[in-house]
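Listed below are the residues making up each chain.
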Amino acid sequence: MSSLLGIDNGLTVTKAVIFDADGSQLAVARRRVPQSMPHPRWVERDMLGLWQATAEAIREAIALSGRPASDIKAAAATAHGDGLYLLDRNRRPLGPGILSLDSRAGEIVDEWEKGSVFAEALALTGQVPHASAPSAILAWLRKHAPEDFSRIGHIIGCKDWLRFCLTGTVGTDLTEASTSFTDVRTQAYAPEAMRIFGLGELFAALPLATHSADIVGYTTADAAALTGLVEGTPVACGLHDVTASALGIGGHQDGVVSIVAGTYSINEVVSTEPRTDPRWFCRNAIDLGRWNNMSISPASTANYDWFLDTLCRAEQEEAKRTGGSIHEMLAAEIDSALKKQSTLLFHPYLFGSPYGNAASASFVGLRGWHDRGDMLKAVLEGIAFNHRTHVEALRDSFAVREVRLTGGASRNPAFAQMFADVLGVPVIVTSTDEAAAYGAALCAGAAVGLFASPQEGARATCTVSRQYRPDPLRSAVLDERYSIYGRVAEQLRPKWVEIESLAGQEMGGAT
């Protein structure tokens, strides 16, 4: 028997998923990875702790699979893109890993926008920098932590750190390499890109980039002892989780918009030529000569998670105590709210937005007779609206024949139907539960010859689970609500900076 290990590290959870060669899922194990927020806008985590949690998840998944570790023919990792994971010249972690929710570099990005950096970066790299881009965080370190900056030996991504822990080899893949420093036309690293961001001296610290399905090493004895894997198990290069998710649902192909409704609002389409626009990142696809056009913002289901953590604590505790599902516990409230008309709108910009660093979240139209269910509905609707903003940008330049949805939203039929109604097109959900992990496993399978390519593996194993068709009446109502949602956001745009300034004002009062 042959099986494959896909490792998926998100922003809060690391997963190890074992798949049979036919794509069926054999076992999954998860570990939460604590985040640290030592200052406003900082979102970090311990790199060694991340590896320990991942190793534990791998060992548990092997045990749950009911098969010996020797059945695993290859492994590969995927993880959140952007952010920053650094090694010093001795290949040791240089500080904590910085997550893609981190926005400490927002001020630097704002300065770049006022100057020539945005235009130069878009022309050369196919994207404008954002607060959690490696370019911006490195520039922040240069300005605010020069000692750490001077010790940088290797600039890698999150999944590259896991690959290093498994194999002892340093490197990345084509998709991850293009987060900041590649020429959009040649798809290779460009020294000029480093110069644009004032980082020219770090060019040598960029990792070697290879194909996602290349074998880049083998499980070391130390890694095998921690994970339960067989020493010498082949490890493929892996890929950025945005691309992995699209691949895992069979969406990494021309004419298909893949939507990942997770922590980030991810909306992407593959093209055979580079097309640049400030509204999306034109980055490397899995293969040279193809590009992945990603219109994204950190404004998706992280807003829903925040709402649950902040306003549904009693239910959260009850779910933990009983082993129940918080989503099922709240389903009746949401279903009731979906049947009612409401003035309530929500802009899901708690952690970022398509409008830049200053934008913040808000409920608009809130009245005393609204209840928690109404607020939950507004949050979910706002998330879908934000995805529509990105999808409409992509539709302006790319022919779209199909929309596929993955992420937490795809598991909730009411939420998936809302996506179809908001977008006004059919939305396909596949049978793949762990899309990003499966995308990594497809690369692992291709690396050892089980599939001709990762894409061929996806075509052979991904099946459509359900198609959601838009309801014309609901779509018409949501069109009007989306229009007002967008107009209000535009009206708020000049006020967000003023609102942000309130955080720096101290409250006076009696002592």
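All figures in this text were calculated on a predicted structure; none of them were measured in a lab.

1. Quick notes on the pattern of salt bridges
In the structure shown here, the tally under the stated rule is 35 salt bridges. A salt bridge links lysine 15 to glutamate 434, with the nearest nitrogen and oxygen atoms 2.8 Å apart. Of this pair, lysine 15 sits in strand 2 (residues 13-20) while glutamate 434 sits in the loop between strand 21 (427-430) and helix 16 (435-447); the two residues are 419 residues apart in sequence, bridging distant segments of the chain. Pair check on accessibility: lysine 15 and glutamate 434 agree, each one buried. A salt bridge links lysine 320 to glutamate 317, with the shortest nitrogen-to-oxygen separation between them at 3.9 Å.

2. Let's talk about the packing of helix 15 (residues 413-423) against helix 18 (residues 472-501)
Two elements in contact, helix 15 and helix 18, have axes separated by 7 Å at closest approach and are oriented at 70 degrees. For the element pair helix 15 / helix 18, the angle class is roughly perpendicular. For helix 15 against helix 18, the interelement crossing comes out right-handed. Together, Gln417, Ala420, Asp421 and Val422 of helix 15 and Arg474, Ser475, Leu478 and Asp479 of helix 18 make up the contact between the two elements. Among the residues making up the contact of helix 15 with helix 18, the classes are represented as 3 nonpolar, 2 polar and 3 charged.

3. Concerning the UniProt feature "domain: Carbohydrate kinase FGGY C-terminal" (unreviewed entry) in the protein chain
Mapped onto the present numbering, the UniProt feature "domain: Carbohydrate kinase FGGY C-terminal" (unreviewed entry) falls at residues 258-447. Between the end C-alpha atoms of residues 258-447 the distance is 24 Å, and the span holds 43% helix and 20% strand.

4. Describing the packing of aromatic side chains
The tally for this structure, following the rule as stated, stands at 14 aromatic pairs. Three or more aromatic residues link up through ring pairs in this structure, and these residues are Trp112, Phe181 and Phe197. It is arginine 104 that lies over the ring of tryptophan 140; its NZ or CZ is 5.0 Å from the centre.

5. So, the nonpolar core
Looking at soluble globular proteins, one finds that nonpolar side chains tend to be buried together. Ranked by size, the top nonpolar core spans 53 residues in total, and within it Ile259, Tyr349, Leu405 and Phe419 carry the most contacts. Examining the composition of this core, we find that 11 residues originate from one element, helix 14 (residues 372-395), more than from any other. Ranked by size, the runner-up nonpolar core spans 43 residues in total, among them Trp51, Leu99, Cys158 and Trp161.

6. With respect to a nonpolar patch on the surface
Taken together, the side chains of Ile215, Tyr218, Val448 and Leu450 present a nonpolar region at the surface, about 310 Å² in accessible area. If you trace the backbone, isoleucine 215 turns up in strand 11 (residues 215-218).

7. Some thoughts on helix 12 (residues 313-322)
All buried positions along helix 12 are accounted for by Glu315, Gln316 and Ala319. Down the axis, helix 12 shows its buried residues gathered within 105 degrees of arc, on one side only. Seen from the buried face of helix 12, the exposed residues on the opposite side, beyond 90 degrees, are Arg313, Ala314, Lys320 and Arg321. Of the surrounding elements, those touching the buried residues of helix 12 are helix 11 (302-311), helix 13 (326-338) and helix 14. Positioned one or two residues after helix 12, glycine 323 has a phi angle of 75 degrees, which is positive.

8. Re empty space enclosed by the protein
One pass over the full model with this rule turns up 3 cavities of 30 Å³ or more. Of the pockets and cavities examined, the largest cavity occupies roughly 140 Å³. Taken together, 16 residues line the largest cavity, and the ones lying closest to its centre are Pro134, Ile155, Ile156, Glu176 and Thr179. Among the secondary structure elements, those contributing two or more residues to the lining of the largest cavity are strand 8 (152-156) and helix 7 (174-177). Among the residues forming the lining of the largest cavity, the class breakdown is 9 nonpolar, 4 polar and 3 charged.

9. Quick look at the packing of helix 11 against helix 14
Following both chains from N to C, one finds helix 11 and helix 14 inclined at 160 degrees, their axes separated by 9 Å at the closest point. Taken together, the axes of helix 11 and helix 14 are roughly antiparallel relative to one another. Helix 11 and helix 14 meet at a crossing whose hand is right-handed. In this structure, helix 11 uses Asn303, Tyr304, Phe307, Leu308 and Leu311 to contact helix 14, whose residues at the interface are Arg372, Met375, Leu376, Val379, Leu380 and Ile383. A per-class count over the contact of helix 11 with helix 14 returns 9 nonpolar, 1 polar and 1 charged.

10. Looking at the side chain of serine 178
Tracing the chain through its elements places serine 178 in the loop between helix 7 and helix 8 (191-196). Those residues in contact with serine 178, other than ones at most four positions away along the chain, are Gln127, Arg283 and Asn284.

What counts, and where the lines are drawn
Residues numbered from 1 in each chain as written. Predicted model: local features only at pLDDT ≥ 70, side-chain atom pairs only at ≥ 80, totals over all residues. Heavy atoms only, no water. Salt bridge = Lys/Arg side-chain N within 4 Å of Asp/Glu carboxyl O. Helix = DSSP H or I, 4+ residues; strand = E, 2+ residues; numbered from the N terminus. Buried < 20%, exposed > 50% of the residue type's maximum accessible area, 1.4 Å probe, protein only. Axes fitted to C-alpha atoms, helices over the stretch in contact; angles between N-to-C directions. Parallel < 35°, antiparallel > 145°, perpendicular 65-115°, else oblique. Left-handed = near helix turned anticlockwise from the far one by under 90°. Contact = heavy atoms within 4.5 Å. Nonpolar A, V, L, I, M, F, W, Y, C, P; charged D, E, K, R; others polar. UniProt positions renumbered as here; feature names shortened; annotations may be inferred. Phe/Tyr/Trp six-rings, centres within 6.5 Å; stacked < 30°, edge-to-face > 60°. Lys NZ or Arg CZ within 6 Å of the ring centre and 35° of its normal. Core = buried A, V, L, I, M, F, W, Y, C linked by side-chain atoms within 4.5 Å. Patch = residues over 30% accessible without salt bridge, like charges linked within 9 Å, V, L, I, M, F, W, Y side chains within 5 Å. Areas by Shrake-Rupley, 256 points an atom, 1.4 Å probe, with all protein chains shown as cover. Arc of directions from axis to C-beta. 1 Å grid on protein atoms, 1.4 Å probe; cavity = no way out; pocket = protein on both sides within 12 Å on 5 of 7 lines; lining within 4 Å. Points joined across faces, edges and corners; volume = space filled by probe spheres on them.

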